[in-house]
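Structure at a glance
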Amino acid sequence: MTMNNKIPLLGMTLAELKVVASEIGMPAYAAKQMADWLYKKKIKTIEEMTNIAAAKRQALAEKYEVGMIAPVDFQKSVDGTIKYLYPAGTGNFVESVYIPTDDRATLCVSSQVGCKMNCLFCMTGKQGFTKNLSAHEILNQIQALPENDELTNLVFMGMGEPLDNTDELFKVLEILTAPYGYAWSPKRITVSTIGAKGLKRFLNESDCHLAVSLHSPFPDERLSLMPVEKAFPMLGILDLIRQYDFTHQRRVSFEYIVFKGLNDSPRHAKALAGLLKDIPCRVNLIRFHAIPNVPLQTSDLSKMEAFRDILNERGVTCTIRASRGEDIFAACGMLSTAKKEAATTSGR
């Protein structure tokens, strides 16, 4: 439900829209008409659905609404990156980040308010877990984006663990890729995970790209950074990935945040190359964005370049991801945390 207690249509699959159509007494084909208005024409009000009879639109509007909600705040970086803040229920906020480059425009999308995983280096994890976002709240970040028409790529890599919210995530992936929805190619979408329970389902049911957060080739060290290592060991995740084909349409990449003096040595690079040598993949090295009260530090660029070169020399494609938006609360969770704290302090 949205703030006026009407049910949002945005985020509903075709099957769910058929149920709505039946409830209002509309023919089954009206579901396809509604989907067309929602996801292709991107309307904001039910009244705009002009090929549905006025009486039926009125009946629909008594209980339902489109449900598009504009961002309540944003910050724009000197490099063009824009972080948007969206409401997600009373007192809750989530972030999405629009990243334009010369040849593409990518949106980083959130899937939860807070996160259960509590990774040492992640600001979102410091919030604790509040709730899973609904398909409506996830898709709204995309549809209500001011630059929506410019988007070329999506990454589910924002606040939360996408594969800890699989049911709602899969609704959104269906809408994004289905002919009745956005009709995007799965090759334009990447889902990032630290290795949660929904990984096998994702590998079986989706053709979207996969990104896996590793951050250390050594299980004990990874556990010190990422408590999820205990429940979903890295070595088991890699064994699962080896069972699937990543040589054609779908790609797998591995995210590796580089911390000074912790995981940036030649020993780490050689061990990582050994782990991944039989998986067709790419490793993305990522600069650490400092967050409050966490002692981790950003590695030197020279160390990152040496790390990259070791992997490439050993046959594992590796690149250093360009840092974006460092001047606008670059780390995920920082803007939403600040907004929530401000709302609490003001009593709103």
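Read on for an overview of the structure. (Residues numbered from 1 in each chain as written. Predicted model: local features only at pLDDT ≥ 70, side-chain atom pairs only at ≥ 80, totals over all residues. Heavy atoms only, no water.)

What follows covers the overall build of the protein. The number of helices and strands found in the protein is 13 helices and 14 strands. Radius of gyration (C-alpha) of the protein: 21 Å, near the 20 Å computed for a compact globule of 348 residues. Taking all 348 residues of the protein together, 53% fall into the buried category. Taking contacts inside the protein between residues at least 6 apart in sequence as the whole, the part at least 24 apart equals 66%. Carbon and sulfur atoms make up 53% of the accessible area of the protein, which amounts to about 15500 Å² in all. (Helix = DSSP H or I, 4+ residues; strand = E, 2+ residues; numbered from the N terminus. Rg over C-alpha atoms; globule rule 2.2 N^0.38 Å. Buried < 20%, exposed > 50% of the residue type's maximum accessible area, 1.4 Å probe, protein only. Contact = heavy atoms within 4.5 Å. Areas by Shrake-Rupley, 256 points an atom, 1.4 Å probe, with all protein chains shown as cover.)

Of all eight residues in strand β5 (residues 93–100), six are buried, a share of seventy percent or more. Alignment of strand β4 (residues 82–87) against β5, held across six bridges, turns out to be antiparallel. Residue pairing for β5: Ile82 is matched across the bridge by Tyr98. Following β4, the chain reverses through five residues before pairing antiparallel with β5; Gly89 in that reversal takes a positive phi of roughly 90°. Pairing of β5 with strand β6 (residues 105–108), which is carried by four bridges, proceeds in the antiparallel orientation. (Pairing = 2+ DSSP bridges.)

Attention now moves to the packing of helix α5 (residues 135–143) against helix α6 (residues 166–177). Two elements in contact, α5 and α6, have axes whose closest approach is 8 Å; the angle formed by their N-to-C orientations is 45°. Regarding the angle of α5 to α6, the classification is oblique. Like other packed secondary-structure pairs, α5 and α6 cross with a definite hand, here right-handed. Where α5 approaches α6, its residues Ala135, Ile138, Leu139 and Ile142 are matched on the opposing element by Glu168, Leu169, Lys171, Val172, Ile175 and Leu176. Within the contact of α5 with α6, the residues separate by chemical class into eight nonpolar, no polar and two charged. (Axes fitted to C-alpha atoms, helices over the stretch in contact; angles between N-to-C directions. Parallel < 35°, antiparallel > 145°, perpendicular 65-115°, else oblique. Left-handed = near helix turned anticlockwise from the far one by under 90°. Nonpolar A, V, L, I, M, F, W, Y, C, P; charged D, E, K, R; others polar.)

Below, the discussion takes up the pairing of strand β12 (residues 252–258). Most of β12 is tucked away: seven of the seven residues are buried. The pairing of strand β11 (residues 209–213) with β12 spans four bridges and is classified as parallel. When the sheet's bridge partners are listed, Ser213 is paired in β12 with Glu255. Bridge analysis of β12 against strand β13 (residues 282–287) gives six bridges, and the strand direction is parallel. Note that in β13 the partner of Ile257 across the bridge is Ile286.

Sheet architecture is open: ten strands sit in the order β3-β4-β5-β6-β9-β10-β11-β12-β13-β14, paired in mixed fashion. Each end of this open sheet is capped by a strand with a single partner; those strands are β3 (73–76) and β14 (317–320). Put simply, the sheet's adjacent strands are angled 20° from each other on average, direction ignored.

Moving on: the packing of helix α1 (residues 14–24) against helix α3 (residues 54–63). Contact pair α1 / α3: the axes reach a minimum separation of 10 Å and the direction vectors enclose 115°. Regarding the angle of α1 to α3, the classification is roughly perpendicular. The interaxial crossing formed by α1 with α3 has right-handed handedness. Contact residues: Val20, Glu23 and Ile24 in α1; Lys56, Ala59, Leu60 and Lys63 in α3.

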